[in-house]
Amino acid sequence: MTLHFIAKDPETNGDHCPSVWYDDVAQEFVIQGWKAGTELEAKCLETGPIPGSEAVVRLPVRMTEVLKEALGVAAAAPVR
């Protein structure tokens, strides 16, 4: 795995905050975010089950540029 750190939430102190990485071997985004609360998770379950191997996480909209950067990194990577 080659994990490329993209950025942390720009409006936090850099500790325990949402972050984004890109794994160029698995060709996946890795997201650290806040856990969804019971109410949000219940709303998400209205569209289908959430397997035990998956989670609902939240990212603040201020991370839009971080997500765009991650998409740019992924777009520049060779597709397998």
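None of the values given here were measured: they were computed from a predicted structure.

*Asks:* Can you walk me through the pattern of salt bridges in this structure?
*Replies:* Working definition: two side chains of opposite charge can pair if their charged atoms are close together. One pass over the structure, following the stated rule, counts three salt bridges. Among the ionic pairs, Glu46 bridges to Lys43, the shortest N-O distance being 3.5 Å. Like Glu46, the residue Lys43 is exposed in the burial classification. Notably, a salt bridge pairs Glu65 with Lys68, separated by 3.3 Å at the nearest N-O pair. Taken as a pair, Glu65 and Lys68 lie in helix α2 (residues 64-76) at a separation of three residues, close to a single helical turn.

*Asks:* I keep staring at the nonpolar core and nothing clicks. Help me out?
*Replies:* The tendency in soluble globular proteins is for nonpolar side chains to be buried as a group. Ranked by size, the top nonpolar core spans nine residues in total: Ile6, Ala7, Val20, Tyr22, Met63, Val66, Ala70, Ala74 and Ala77. Counting residues per element, the ones that place at least two in this core are β1 (3-8), β2 (19-23) and α2. If we skip the residues at most four places from it in the chain, Ile6 touches Val20, Trp21, Tyr22, Val66, Glu69, Ala70 and Val73.

*Asks:* Would you take a moment to explain a nonpolar patch on the surface for this structure?
*Replies:* Taken together, Phe29, Ile31, Val57, Leu67 and Leu71 make up a surface patch of nonpolar side chains, about 390 Å² in accessible area. Those elements that place two or more of their residues in the nonpolar patch are β3 (28-32) and α2. Its place among the elements puts Phe29 in strand β3.

*Asks:* What exactly am I supposed to notice about the packing of aromatic side chains here?
*Replies:* Geometry of an aromatic ring pair is reported as the spacing of the ring centres plus the angle between the planes. All chains considered together, the criterion is met by two aromatic pairs. Seen in terms of ring centroids, Phe5 and Trp21 are 6.2 Å apart; in terms of plane orientation they differ by 65°. Their pairing is edge-to-face. Within this pair, whereas Phe5 is found in strand β1, its partner Trp21 is found in strand β2, the two being separated by 16 residues in sequence. Between Tyr22 and Phe29 the ring centres are 5.5 Å apart and the planes differ by 55°, which places this aromatic pair in the tilted class. Residue Tyr22 is classed as buried on the basis of its relative accessible area, which comes to 4%. The exposure class of Phe29 is partly exposed, given its relative accessible area of 38%.

Here is what the cut-offs are and how they apply
- Residues numbered from 1 in each chain as written.
- Predicted model: local features only at pLDDT ≥ 70, side-chain atom pairs only at ≥ 80, totals over all residues.
- Heavy atoms only, no water.
- Salt bridge = Lys/Arg side-chain N within 4 Å of Asp/Glu carboxyl O.
- Buried < 20%, exposed > 50% of the residue type's maximum accessible area, 1.4 Å probe, protein only.
- Helix = DSSP H or I, 4+ residues; strand = E, 2+ residues; numbered from the N terminus.
- Core = buried A, V, L, I, M, F, W, Y, C linked by side-chain atoms within 4.5 Å.
- Contact = heavy atoms within 4.5 Å.
- Patch = residues over 30% accessible without salt bridge, like charges linked within 9 Å, V, L, I, M, F, W, Y side chains within 5 Å.
- Areas by Shrake-Rupley, 256 points an atom, 1.4 Å probe, with all protein chains shown as cover.
- Phe/Tyr/Trp six-rings, centres within 6.5 Å; stacked < 30°, edge-to-face > 60°.

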